[in-house]
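# Structural characterization, general
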Amino acid sequence: MKTALLAEYRKFTSTRMWWILLIGLIAYLGFVGLAMAFSLTAGTDELDATTLAGAPLARSIYALISPIGYVFPLVIGSLAVTAEFRHKTITASLLVEPRRGVLLGAKLLAGIPMGLIYGVTATATVEIG
């Protein structure tokens, strides 16, 4: 299991896919967060009962933006499995580790640090933006 896990982690980090999607995540969430903040605060000269300001405004923007970021780890996970079929490297992976359960478990465990990186980055992007 250790060698399969190491091989899957190397597959993640040896391609450009993960950091290009990470840059896309930062740019997209930053842009959407700023657009939401602008749209919720623009044109509000007077504060009334429906106007948000301060901490409630920040919480509402974060609540609207954070579910959008869930798409990027989903794409990473989908590409981790389907790219091997597309590029026909699944045969070599199964020859090295013939037990499919171990191979899929290694893919899952190798994806956890990537998902953590994406989650922390997305949260920091929305918090800063």
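In this report, we go over the structure that sits alongside the text. Keep in mind that this is a model prediction, so the values were computed, not measured.

### Description of the side chain of Thr 125
By the secondary structure assignment, Thr 125 is in helix α6 (residues 100-128). According to the relative accessible area criterion, Thr 125 is buried, its value standing at 13%. For Thr 125, the side chain forms a polar contact with the main-chain oxygen of Thr 121, separated by 2.8 Å. Once you skip the residues sitting within four places of it in the chain, Thr 125 turns out to touch Ile 26, Leu 29 and Gly 30.

### Examining the side chain of Glu 97
Residue position: Glu 97 is located in the loop between α5 (90-96) and α6. Taking the relative accessible area as the measure of exposure, Glu 97 reaches 9% and is therefore buried. Among the polar contacts made by the side chain of Glu 97, one reaches the side chain of Arg 99 at a distance of 2.9 Å. Setting aside residues no more than four positions away along its own chain, Glu 97 makes contact with Ala 4, Val 102 and Leu 103.

### Overview of a nonpolar patch on the surface
A cluster of nonpolar side chains, contributed by Met 1, Leu 109 and Ile 112, occupies part of the molecular surface with about 280 Å² of accessible area. Positionally, Ile 112 belongs in helix α6.

### Some details on the packing of aromatic side chains
Summed over all chains, the structure comprises one aromatic pair. Note on Tyr 28 and Phe 72: the rings are 6.3 Å apart at their centroids and 50° apart in plane angle, and the pair reads as tilted. Of this pair, Tyr 28 sits in helix α2 (residues 17-41) while Phe 72 sits in helix α4 (residues 71-86), placing them 44 residues apart in sequence. By relative accessible area, Tyr 28 is classed as partly exposed at 39%.

### Overview of the environment of Met 114
Relative to the assigned elements, Met 114 resides in helix α6. Expressed as a C-alpha distance, the spacing of Met 114 and Ile 76, which sit 38 residues apart in the sequence, is 8.4 Å. If near-sequence neighbours (up to four positions away) are discounted, Met 114 is found in contact with Phe 12 and Trp 18.

### Observations regarding the nonpolar core
Counting 17 residues, the largest nonpolar core has Phe 12, Leu 25, Leu 29, Ile 65 and Tyr 118 as the members making the most contacts within it. For this core, the elements supplying multiple residues, two or more each, are α2, α3 (55-65), α4 and α6. In contact with Leu 29, not counting residues within four places along its chain, are Ile 65, Ile 68, Gly 69, Ala 122, Thr 125 and Val 126.

### Notes on unusual backbone geometry
Phi at Lys 88 is positive, roughly 60°, even though this residue is not glycine. By relative accessible area, which is 66% here, Lys 88 ends up exposed.

### Comments concerning the packing of α2 against α6
Relative orientation and spacing of two packed helices are given, respectively, by the angle between their axes and the distance between those axes. For the pair α2 and α6, the least separation of the axes is 9 Å and the interaxial angle reads 25°. Here α2 lies roughly parallel to α6, going by the angle between them. For the pair α2 and α6, the sense of crossing is right-handed. Facing α2, whose interface residues are Met 17, Trp 18, Leu 21, Leu 22, Leu 25, Ile 26, Leu 29 and Gly 30, α6 presents Met 114, Ile 117, Tyr 118, Thr 121, Ala 122, Thr 125 and Val 126.

### Notes on the pattern of salt bridges
When the charged atoms of two side chains with opposite charge come close together, those side chains can pair. Overall, the coordinates contain five salt bridges when judged by the stated rule. Ionic pairing is found between Glu 8 and Lys 107, a salt bridge with its closest N-O pair at 2.9 Å. Of this pair, Glu 8 sits in helix α1 (residues 2-13) while Lys 107 sits in helix α6, placing them 99 residues apart in sequence. Overall, Glu 8 belongs to the buried group, its relative accessible area being 3%. The shortest N-O distance in the salt bridge between Glu 84 and Lys 107 comes to 2.3 Å. A residue pair is termed long-range when its members are at least 10 positions apart, and Glu 84 in helix α4 and Lys 107 in helix α6 qualify at 23 residues. Exposure remark for Glu 84: the relative accessible area of 4% places this residue in the buried category.

What counts and what doesn't
Residues numbered from 1 in each chain as written. Predicted model: local features only at pLDDT ≥ 70, side-chain atom pairs only at ≥ 80, totals over all residues. Heavy atoms only, no water. Helix = DSSP H or I, 4+ residues; strand = E, 2+ residues; numbered from the N terminus. Buried < 20%, exposed > 50% of the residue type's maximum accessible area, 1.4 Å probe, protein only. Polar contact = N/O pair within 3.5 Å; in protein donor to acceptor, adjacent residues only side chain to side chain. Contact = heavy atoms within 4.5 Å. Patch = residues over 30% accessible without salt bridge, like charges linked within 9 Å, V, L, I, M, F, W, Y side chains within 5 Å. Areas by Shrake-Rupley, 256 points an atom, 1.4 Å probe, with all protein chains shown as cover. Salt bridge = Lys/Arg side-chain N within 4 Å of Asp/Glu carboxyl O. Phe/Tyr/Trp six-rings, centres within 6.5 Å; stacked < 30°, edge-to-face > 60°. Core = buried A, V, L, I, M, F, W, Y, C linked by side-chain atoms within 4.5 Å. Axes fitted to C-alpha atoms, helices over the stretch in contact; angles between N-to-C directions. Parallel < 35°, antiparallel > 145°, perpendicular 65-115°, else oblique. Left-handed = near helix turned anticlockwise from the far one by under 90°.

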